[in-house]
2 protein chains.
Amino acid sequence: MSPFINDRAYLIAHIKTYISLSDNELAEIVNFFDTCSYNKKATLLSAEKRCDKLFFVGKGCLHLYFIDGLGNQKTIQFAIENWWLTDFLAFQSQKQSNFYIEAVERSDVLSISFSKYQELLSKFPKMETYFRTIYEIAYGAALMRLKYINSFSKEDMFFRFRDDFPEFVKRVPQYLLASFLGLTPEYLSEIKRK
Amino acid sequence: MSPFINDRAYLIAHIKTYISLSDNELAEIVNFFDTCSYNKKATLLSAEKRCDKLFFVGKGCLHLYFIDGLGNQKTIQFAIENWWLTDFLAFQSQKQSNFYIEAVERSDVLSISFSKYQELLSKFPKMETYFRTIYEIAYGAALMRLKYINSFSKEDMFFRFRDDFPEFVKRVPQYLLASFLGLTPEYLSEIKRK
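Residues numbered from 1 in each chain as written. Chains lettered and ligands numbered in written order. Predicted model: local features only at pLDDT ≥ 70, side-chain atom pairs only at ≥ 80, totals over all residues. Heavy atoms only, no water.

(A) Looking closely at the UniProt feature "domain: Cyclic nucleotide-binding" (unreviewed entry) in chain A. Here, the residues flagged by UniProt with the feature "domain: Cyclic nucleotide-binding" (unreviewed entry) are residues 37-123 of chain A. Its end C-alpha atoms 27 Å apart, residues 37-123 of chain A is made of 18% helix and 44% strand. (UniProt positions renumbered as here; feature names shortened; annotations may be inferred. Helix = DSSP H or I, 4+ residues; strand = E, 2+ residues; numbered from the N terminus.)

Dropping the structure here:
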């Protein structure tokens, strides 16, 4: 983990696509965030620890997972560039996390604590609009994902995923993709061979 | 469908639990909404029609569903008192809905069009905070639901659901509950008999 330069530019660019703010305001906003560069497999959040961080991926990829009763790691959500990730229920209520967050590859990440997040929103009300829009999209996408889960077999889910996100399928380790789709890695290899 | 009186009080009470506004402001805010009383099985939103309404359930219960390739109705989300419901992706982009919304029982519902929603948010920035919080919780809950789907068998999902929401399980028609849990109505009856 080491600090890095100019990483806040990712967030500035993303905020600008949703709301208009002056360069001074944007500079002040991104200063609310800590920046970290994580190596592949680094742990950013652990289950059963208080969830006090909201993460923004500038570069790289994170995943949110839990460990099931049999000790298997199950990926629930990926976050690539310009995605926000945390256990949102636990973050909002400042309770223990239900999930782990880990870097899938080397990742440049911005993070904000709950108290800083509150301070940011109260000082820059336009950021309420930004986050309202982000979460509206994220929740809408989650409903669509539940529709897909109910529409397609796991095998068809893979083909759909590959067609919709070809670069992503090449990028992430196949055992994580298998976990996300609810397949065994062996079965995913078999589907891909077909 | 007929208009009814004093229904906006449900929304006023809900907004007050999240943000503080004067009585005058609250009165003005709820006037942005239309109010309707829907009979059981009334359709509020149809798939493949432009999604121009965001709904708030004052009293009653709605469900969001789609029709699969075999013509089966599949429930993705229920909304009871104090829940917001629409196809959020389609609403935000003003595109065709991917879902239907129907009243599960007689329901008193407030609705707002996309243009009125924009007007409301711009006139009352505190409503950005309200909706940001609502969606933050909704998205967090969706991630938890994906965790449950990946943790439990459909049978165990029912028992968990019954333990967490006993009143709700008694309230909704069993074929809808079965659809929501991904079970056939016959299999759900069998589980309940055990």
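(B) Just the interface of chain A and chain B, in detail. Listed as interface residues are 34 residues of chain A and, on the opposing side, 35 residues of chain B. Across the interface of chain A and chain B, roughly 3,700 Å² is buried in total on both sides, 67% from carbon and sulfur atoms. Ranking the residues of chain A by area buried against chain B places R132, E136 and Y139 of chain A at the top, with a combined share of 20%. Applying the counting rule to chain A against chain B returns two salt bridges. (Contact = heavy atoms within 4.5 Å. Buried area = accessible area lost by both parts, 1.4 Å probe. Salt bridge = Lys/Arg side-chain N within 4 Å of Asp/Glu carboxyl O.)

(C) Main features of the sheet that holds strand β7 (residues 100-103) of chain B. An order of β2-β7-β4-β5 (chain B) is seen for the four strands of this open sheet, with the pairing classed as antiparallel. Because the sheet does not close on itself, it has two edges, and the strands there are β2 (43-45) and β5 (73-79) of chain B. Within the sheet, the average angular offset between the axes of one strand and its neighbour, ignoring direction, is 35°. Bridge count for strand β4 (residues 62-67) of chain B against β5 of chain B is six bridges, and the pairing is antiparallel. Residue pairing in the sheet places L64 of chain B in a bridge with Q77 of chain B of β5 of chain B. Sheet contacts for helix α5 (residues 126-151) of chain A: β4 and β5 of chain B; angle to β5 of chain B, the most-contacted strand, approximately 150°. (Pairing = 2+ DSSP bridges. Axes fitted to C-alpha atoms, helices over the stretch in contact; angles between N-to-C directions.)

(D) Up close: the domain arrangement of chain A. All names here are of chain A. Here chain A is described as being made up of domain 1 (3-151) and domain 2 (152-194). Just the C-alpha atoms count here: the centres of domain 1 and domain 2 sit 24 Å apart. Across the domain 1 to domain 2 interface the summed buried area is about 1,300 Å²; carbon plus sulfur atoms make up 60%. Sorting the residues of domain 1 by area buried against domain 2 places T75, F78 and Y148 first, and these three jointly supply 41% of that buried surface. Counting the contacts that link domain 1 with domain 2 gives two salt bridges. (Domains from an automatic or database assignment.)

(E) Main features of the sheet that holds strand β6 (residues 84-85) of chain A. All names here are of chain A. Taken together, four strands build an open sheet; the order of strands is β1-β8-β3-β6 and the sheet is antiparallel. Of all strands in the sheet, those with a lone pairing partner are β1 (34-38) and β6, marking the two edges. Two elements, strand β3 (residues 53-59) and β6, share two bridges in a ladder whose sense is antiparallel. Along β6, the bridge assignment pairs F55 with L85. Contacting β1, β3, β6 and β8 (107-113), helix α1 (residues 8-16) runs over the sheet at an angle of about 95° to β3.

(F) Up close: the pairing of strand β4 (residues 62-67) of chain A. All names here are of chain A. Of all six residues that make up β4, five are buried, and the element is covered over most of its length. As judged from the four bridges shared by β4 and strand β7 (residues 100-103), these two strands associate in the antiparallel manner. Of the residues in β7, the one forming a bridge with H63 is E102. (Buried < 20%, exposed > 50% of the residue type's maximum accessible area, 1.4 Å probe, protein only.)

(G) The pairing of β1 of chain A, seen in detail. All names here are of chain A. The buried fraction of β1 amounts to four of the five residues, a majority that puts the element mostly inside the structure. Looking at chain direction, β1 and β8 are connected through five bridges and run antiparallel. Within β8, the residue paired with D34 across the bridge is S111.

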